[in-house]
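Read off the chains here:
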Amino acid sequence: MPTSRQKLKVFSAEDALTKADTVNKEGFPAFSQPLKDQVAQMLLTNLMQDTFYANGKEQTEDAMKLHAAMFKEDPVFYAKAVKYARNQGMMKLQPTIGMAFLSTLSTKKAEFGISKLFIDVIRTPKDAVTFIELCMAEGAGIRKGLGTHVKNMLRKFVAHKISEYWAIKYGPDLTRIIRLARPNLVQWTKSEDPQIKLAGRLGLYLVGAENADITGLAQIEAYEQLKKGIASPIELIKTGKLPHEAVTGIIKPTQDVWRELFLQMPTLALVRNIANIQENGLLEDPRIMAHIQKTFSAERVRKAKVLPYQLFMSFLTLTPIQRVVSTYLYKAYETALDASLLNALAPDGRVLIGYDVSGSMGSVISSGRKRTEIVIRYIDVAAIFAVVLTKLAPDKTVALGFDDGLRMNAFNPLDTVLTAVSKINTPGGGTQLDLPLSWALQNNQKFDYFVGITDTMEWLGSGVANLINQYRQHINKNLVAVLVRIDSYTQSRPTPQNMSGVYYVYGWSPQVIEFVSSVLSGQLRNLTDRIDLVSLTD
């Protein structure tokens, strides 16, 4: 096999592209996407921000049109897709917009429980505030104000989900929700249900009621003592398990205070604060080391639903020296990355992976916070997926990077995930999605599966649809293709809708790996079919 960047002659075949009914963002022949696929892709990828091919305004307008169209055509599928995107896709904004649309359904006419769906989709007070703003925004055109039904759902949200921790961390958001929903807090305090009773007490505390009673609420008492400065911050953090956001808003922490805050952090907060731990000189502190190793365990990472790219982004915030010398930390990140991508099945045949490294893959998905300029791009997610999928069966898998040429042997399958992903970091060149299959065809390499990880904006070559047909004709008539779309350009796809044996999946969460691995193990089912199986009653 060649060991460097290689350009190939592509088999010419125009049959598939003559049936193209649209063009992609580059003006290359393409095919219309079914509405359900467009909506699934939008829910799982659209952040309404600037990308290589579209600005934030265009992304927003396209997304709102898709929400409205799917809601009108099939509200049941739409509800399932919204639930799937929030819980399996781990997206927030688009599912929240979807919930705003779905909240306009009549509870008597709806074929599913709106209130139950609300609890499944609106997971945090931040989600609830975004939902409220969408409902009340005149320009959004979703609904006119909140209404009795929405206020009832917000009351149930507060009653069943509020905690002392939430009251401290999300105090202003919860206060706003309570003032808008106007629950009978006094009546709640008389409930025999301990959770409802707690909700009433915390609600009265948050709105500043004279009859608020926080006696026995250990976290709230500790928080109030911290605000008044009448006790040691370290002791209060210990006894009250106070969130770092609340503490740093009241005092300027010393190193000892930071240590206690880090020791209280849940998994995702710790992942996001690794740079902060480093800045405070605590990465080699024995207690912090033990906490990181415990918190980055497989069980906790899966429970916290930490995204693979969030872990990689956190790792990049370490200094290059720290990444090498902190062997315990490197191992902790490896454990966490593996855990975030579990539930993957080994393939039952040979797999060809083509991962896109073209210029448009430099589009940013997530930017670092405050002290870091680290960003996560399409190419970083593509690299993570390519490496992990290769590691499922390295002896059966060939992974090729492509732009307008091939990048051969970019990483060693025996490398750790972090090492391998770090080697795939420079996007550039045009997009020729058919190149990996062209290489396999010209070198008479038989594969059972082709996985393309890409933004699908091909504009060179004969088109991947033609190469799939060519490969099936000359090498393996049963080739199955899976296209992993990281992009949010929903209007087109590179293969015809009715092309058999081609499956699409969208997004950046572990559900992508689970989907692809299930197809590679012979479980052939479209993503939209899987969404159709989502229960709206469980």
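A brief structural summary. (Residues numbered from 1 in each chain as written. Predicted model: local features only at pLDDT ≥ 70, side-chain atom pairs only at ≥ 80, totals over all residues. Heavy atoms only, no water.)

## Some details on the pattern of salt bridges
Point 1. Taken as a whole and judged by the stated rule, the model has 16 salt bridges.
Point 2. Notably, a salt bridge pairs Lys-36 with Asp-532, separated by 3.8 Å at the nearest N-O pair. Here Asp-532 lies in helix H28 (residues 527-532) and Lys-36 lies in helix H1 (residues 35-45), a separation of 496 residues in the sequence.
Point 3. You can call Asp-532 partly exposed: its relative accessible area is 32%.
Point 4. One continuous salt-bridge network, built from bridges that share partners, spans Lys-83, Lys-116 and Asp-120. (Salt bridge = Lys/Arg side-chain N within 4 Å of Asp/Glu carboxyl O. Helix = DSSP H or I, 4+ residues; strand = E, 2+ residues; numbered from the N terminus. Buried < 20%, exposed > 50% of the residue type's maximum accessible area, 1.4 Å probe, protein only.)

## Some details on the environment of Pro-172
Point 1. Residue position: Pro-172 is located in helix H9 (residues 171-181).
Point 2. Pro-172 sits in the exposed class, given a relative accessible area of 66%.
Point 3. Taking C-alpha positions, Pro-172 is 9.4 Å from Val-207, a pair spaced 35 residues apart along the chain.

## Observations concerning the side chain of Gln-322
Point 1. Mapped onto the elements, Gln-322 comes out in helix H21 (residues 320-325).
Point 2. Polar contacts involving the side chain of Gln-322 include one to the side chain of Glu-284, which spans 3.1 Å. (Polar contact = N/O pair within 3.5 Å; in protein donor to acceptor, adjacent residues only side chain to side chain.)

## Some thoughts on the sheet that holds strand S7 (residues 406-407)
Two modes of strand pairing occur in sheets, parallel and antiparallel, and in both the strands are linked by backbone hydrogen bonds.
Point 1. The sheet built from 6 strands is open, its strands ordered S7-S6-S3-S8-S9-S11 with mixed pairing. The sheet is open, and its two edges are formed by S7 and strand S11 (502-506), each paired on a single side.
Point 2. Of the pairings in the sheet, the one linking strand S3 (residues 351-356) to strand S8 (residues 449-454) comprises 5 bridges and is parallel in character. Directly across from Val-351, in S8, lies its bridge partner Tyr-449.
Point 3. Packed onto the sheet, H1 meets strand S9 (480-485) and S11 and runs at close to 35 degrees relative to S11. (Pairing = 2+ DSSP bridges. Contact = heavy atoms within 4.5 Å. Axes fitted to C-alpha atoms, helices over the stretch in contact; angles between N-to-C directions.)

## Comments concerning the nonpolar core
Soluble, globular proteins show a tendency: their nonpolar side chains are buried together.
Point 1. One finds Ile-292, Val-451, Ile-453 and Val-516 to be the most contacted residues of the largest nonpolar core, which totals 185 residues.
Point 2. A total of 11 residues in this core trace back to one element, the largest contributor, which is helix H23 (residues 378-392).
Point 3. Other than its neighbours up to four places away in sequence, Ile-453 contacts Ile-353, Gly-354, Tyr-355, Asp-356, Ala-382, Phe-385, Ala-386, Leu-389, Val-484 and Ile-486. (Core = buried A, V, L, I, M, F, W, Y, C linked by side-chain atoms within 4.5 Å.)

## Section: the packing of helix H3 (residues 75-87) against helix H4 (residues 93-102)
When two helices pack together, their arrangement is given by the angle between the helix axes and by the axis-to-axis distance.
Point 1. It is the contact of H3 with H4, at a shortest axis distance of 9 Å, that shows an interaxial angle of 150 degrees. It follows that H3 is roughly antiparallel to H4 by the angle criterion. Crossing hand, H3 versus H4: left-handed. Listed contacts from H4 to Pro-75, Tyr-78, Ala-79, Val-82, Ala-85 and Arg-86 of H3 are Pro-95, Ile-97, Gly-98, Met-99, Phe-101 and Leu-102.
Point 2. When the residues that make up the contact of H3 with H4 are grouped by side-chain class, the tally is 10 nonpolar, 1 polar and 1 charged. (Parallel < 35°, antiparallel > 145°, perpendicular 65-115°, else oblique. Left-handed = near helix turned anticlockwise from the far one by under 90°. Nonpolar A, V, L, I, M, F, W, Y, C, P; charged D, E, K, R; others polar.)

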